[in-house]
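Chain by chain, the residues run as shown.
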Amino acid sequence: MDRRSLLTVATGAVGAVAASPIPAGAAPLTHSGPQPGAHPGPGRPVTTFNVISDIQGDLRDLGVALEDMHRTNPASSGLAVAGDITPRGYDAEYAAVTAELARHTRTKTTAWAIGNHEFYVPKWRDPSTLAQESWPNGTTEDSLFRSFFHFAGRNTVYAEHSFGGIPVLSLGTEKYMHFHDPKLWDEVWLSEAQFTWLEDRLAYWARRRRPVMVVTHHPLPNTVSGSHNRLYARDYLQADRLLAVLGRHRDVFLFCGHTHWDLALSDWYVRRVVPGTANLDGFSVINTGAVQTGYTDDGQGGEVSVPGTFNQGLQVEVFHDRVVVKARDFAAGSWLKQITVPLSTRI
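These numbers were taken from a predicted model, which means no experiment stands behind them. (Residues numbered from 1 in each chain as written. Predicted model: local features only at pLDDT ≥ 70, side-chain atom pairs only at ≥ 80, totals over all residues. Heavy atoms only, no water.)

**Q** Run through the sheet that holds strand E3 (residues 79-82), naming residues and quoting values.
**A** Spatially, six strands are ordered E4-E3-E2-E15-E16-E17 in an open sheet, and the strand pairing comes out mixed. Each edge of the sheet is formed by a strand with only one pairing partner; in this case those strands are strand E4 (110-113) and strand E17 (334-342). Geometrically, the sheet is characterised by an average inter-axis angle of 20° between neighbouring strands, direction not taken into account. Bridge count for E3 against E4 is four bridges, and the pairing is parallel. Bridging from a neighbouring strand, Ala-82 pairs with Ala-113 of E4. (Pairing = 2+ DSSP bridges. Helix = DSSP H or I, 4+ residues; strand = E, 2+ residues; numbered from the N terminus. Axes fitted to C-alpha atoms, helices over the stretch in contact; angles between N-to-C directions.)

As structure tokens, then:
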């Protein structure tokens with residue numbers, strides 16, 4: 001049973017959509033960029049922050065991650081969470097996350113991105129009874145967004161935060177697609193307003209010579225670990241448009257979760273080059289690992305769980321001339337690897 005099948009049993013998630021192949025002869029759209037383990041060099045960072053994703057009700061591991069982040073990065077200016085905050089999106093599940101956060105010393109600034117698990121309440125008749133055959137079980141799409149907005153303290157899916165003067169933009173779907181098309185489920189849909197906002201904010205910060213951190217739940221196709229796999233290749237309904245917006249900017253760093261794929265994999269970080277953008281250096285894309293359960297390639301076009309305790313995330317250090325991203329094993333309390341990415345302009 002693969003993970004999608006497992007999630008169907010455990011939380012009501014639906015099977016994967018088949019991916020379309022890359023056209024024969026197409027130019028590679030990623031390159032490895034700076035090499036992992038490059039020395040970050042002298043100087044103090046402008047700011048540091050952390051990124052995690054896919055908590056999905058694993059509050060014990062969330063607590064372990066929060067404690068480890070506080071030990072290794074006590075001056076953190078923010079925490080970005082790349083979606084799947086809850087297992088299903090019930091208000092009580094959001095409240096449990098809030099309560100767990102309150103039990104630990106942490107930064108006060110948190111940038112929340114919405115994930116597909118925030119929309120799984122309609123698959124349950126009540127919190128104890130899975131009832132996909134009677135979907136949506138009286139739940140409205142609007143109520144799911146209201147629950148997220150109440151938790152996140154805002155009234156839009158997309159938002160901007162400042163982590164020590166560095167902009168952090170959160171993106172997310174504005175429709176749960178099964179309410180709109182019975183053939184679709186977890187696919188991401190962005191409004192004209194969100195695209196316009198994203199373009200405006202990226203242009204604004206480019207004029208001010210600032211790198212921009214973008215947080216979203218689903219990986220864009222042909223980027224980091226898992227995004228070439230058939231399970232995750234069609235997560236965005238407007239992937240080409242989103243890639244075109246991000247691909248114009250060399251100092252954009254996109255952090256994404258959803259796959260739970262192991263940060264030990266070689267393609268945890270890539271530079272994604274988007275044809276037609278006149279940016280031949282591409283932009284940075286980074287996998288965020290997961291707090292709850294890890295997966296990796298099974299060698300047959302699917303995935304398999306990583307054995308043992310799994311609890312991973314990132315620490316990001318922004319310097320005047322570079323960004324250092326470190327992959328962390330919170331459970332073991334050890335660093336897995338790091339990447340140093342030179343900025344095209346000094347801050």
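**Q** Pulling in residues and values, what's your account of the nonpolar core?
**A** Counting residues in each nonpolar core, the largest one holds 31 residues, and the members touching the most others are Ile-52, Met-69, Val-81, Ile-85, Val-97, Trp-112 and Phe-148. Put simply, the parts of the chain that give this core at least two residues each are helix H2 (59-72), E3, helix H3 (91-102) and helix H4 (141-152). A per-element tally of this core places H4 first, with six residues. For Ile-85, the contacting residues outside a window of four places in its chain are Ile-55, Gln-56, Gly-57, Val-97, Trp-112, Ala-113, Glu-118, Phe-148 and Phe-151. Within the second largest apolar cluster, 27 residues are counted, among which are Leu-190, Cys-256, Val-274 and Phe-283. (Core = buried A, V, L, I, M, F, W, Y, C linked by side-chain atoms within 4.5 Å. Buried < 20%, exposed > 50% of the residue type's maximum accessible area, 1.4 Å probe, protein only. Contact = heavy atoms within 4.5 Å.)

**Q** Talk me through the packing of aromatic side chains; I want residue IDs and the actual numbers.
**A** Overall, the coordinates contain 13 aromatic pairs when judged by the stated rule. Note on Phe-119 and Phe-145: the rings are 5.1 Å apart at their centroids and 70° apart in plane angle, and the pair reads as edge-to-face. Of this pair, Phe-119 sits in the loop between E4 and strand E5 (124-126) while Phe-145 sits in helix H4, and the two are 26 residues apart along the sequence. Each member of the pair, Phe-119 together with Phe-145, is buried. When the ring of Tyr-176 is compared with that of Phe-179, the centres are 6.4 Å apart and the planes differ by 70°; the resulting orientation is edge-to-face. The exposure class of Tyr-176 is buried, given its relative accessible area of 1%. A relative accessible area of 25% means that Phe-179 is categorised as partly exposed. (Phe/Tyr/Trp six-rings, centres within 6.5 Å; stacked < 30°, edge-to-face > 60°.)

**Q** For the pairing of E4, give the residues involved together with the corresponding values.
**A** Side chains Thr-110 and Trp-112 of E4 all project onto a buried face; the interleaved residues Ala-111 and Ala-113 project onto the opposite face, where all are buried too. As a crossover connection, the stretch from E3 through H3 into E4 is right-handed. (Right-handed = clockwise from strand over helix to strand, strands pointing away.)

**Q** Please give an account of the pattern of salt bridges that cites residues and values.
**A** Under the criterion given, the structure shown has 14 salt bridges. When the shortest N-O distance is used, the salt bridge between Glu-192 and Arg-241 registers 2.7 Å. Taken together, the residues span a long stretch of sequence, with Glu-192 in helix H5 (residues 192-207) and Arg-241 in helix H6 (residues 239-246) at a distance of 49 residues. Looking at Arg-241, the relative accessible area reads 34%, which means it is partly exposed. (Salt bridge = Lys/Arg side-chain N within 4 Å of Asp/Glu carboxyl O.)

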